[in-house]
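# Coordinates in review
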Amino acid sequence: MTEDPSATLTRLRSSIDNIDAALVYLLAERFKATKQVGHLKAEHGMPASDPAREEQQVARLRSLAEQADLDPAFAEKWFNFVVAEVIRHHTEAADSR
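Residues numbered from 1 in each chain as written. Predicted model: local features only at pLDDT ≥ 70, side-chain atom pairs only at ≥ 80, totals over all residues. Heavy atoms only, no water.

In the annotation of an unreviewed UniProt entry, the entry for the chain reads Chorismate mutase, and the organism field reads Microbacterium helvum.

### Remarks on the UniProt feature "domain: Chorismate mutase" (unreviewed entry) in the chain
Within the UniProt annotation, "domain: Chorismate mutase" (unreviewed entry) is assigned to residues 3-94. Between the C-alpha atoms that bound residues 3-94 the distance is 56 Å, and the span itself is 86% helix and 0% strand. (UniProt positions renumbered as here; feature names shortened; annotations may be inferred. Helix = DSSP H or I, 4+ residues; strand = E, 2+ residues; numbered from the N terminus.)

### Observations regarding the pattern of salt bridges
Pairing is possible between side chains of opposite charge, provided their charged atoms come close. On inspection of all chains with the given rule, the structure shows five salt bridges. The salt bridge involving Lys32 is made with Glu29; its shortest N-O contact spans 3.1 Å. Taken together, the residues span about one helical turn, with Lys32 and Glu29 both in helix α1 (residues 5-43) at a distance of three residues. Judged by its relative accessible area of 48%, Lys32 falls in the partly exposed class. Two residues, Glu76 and Arg62, come together in a salt bridge whose shortest N-O distance is 2.7 Å. (Salt bridge = Lys/Arg side-chain N within 4 Å of Asp/Glu carboxyl O. Buried < 20%, exposed > 50% of the residue type's maximum accessible area, 1.4 Å probe, protein only.)

In structure tokens:
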């Protein structure tokens, strides 16, 4: 006997909701760590962005995406979006010094 489509949809949506919640909490943890990096950089007059590190991270995440059967271009777009926000935070930290 197959599962009722409505029950399947409810189950799948519940799983998606749980994954979304986990992603939000993981992003919050990530930003807590990058905020500390921003303060450290500001204290020592270091630039807000690190293009060499970002390039390494893009390559690393594209590889991870391929292994996870996720579109590497999507992973790179996501990373660039997050990094733009991180750099904004780092710039604000430096400007507040």
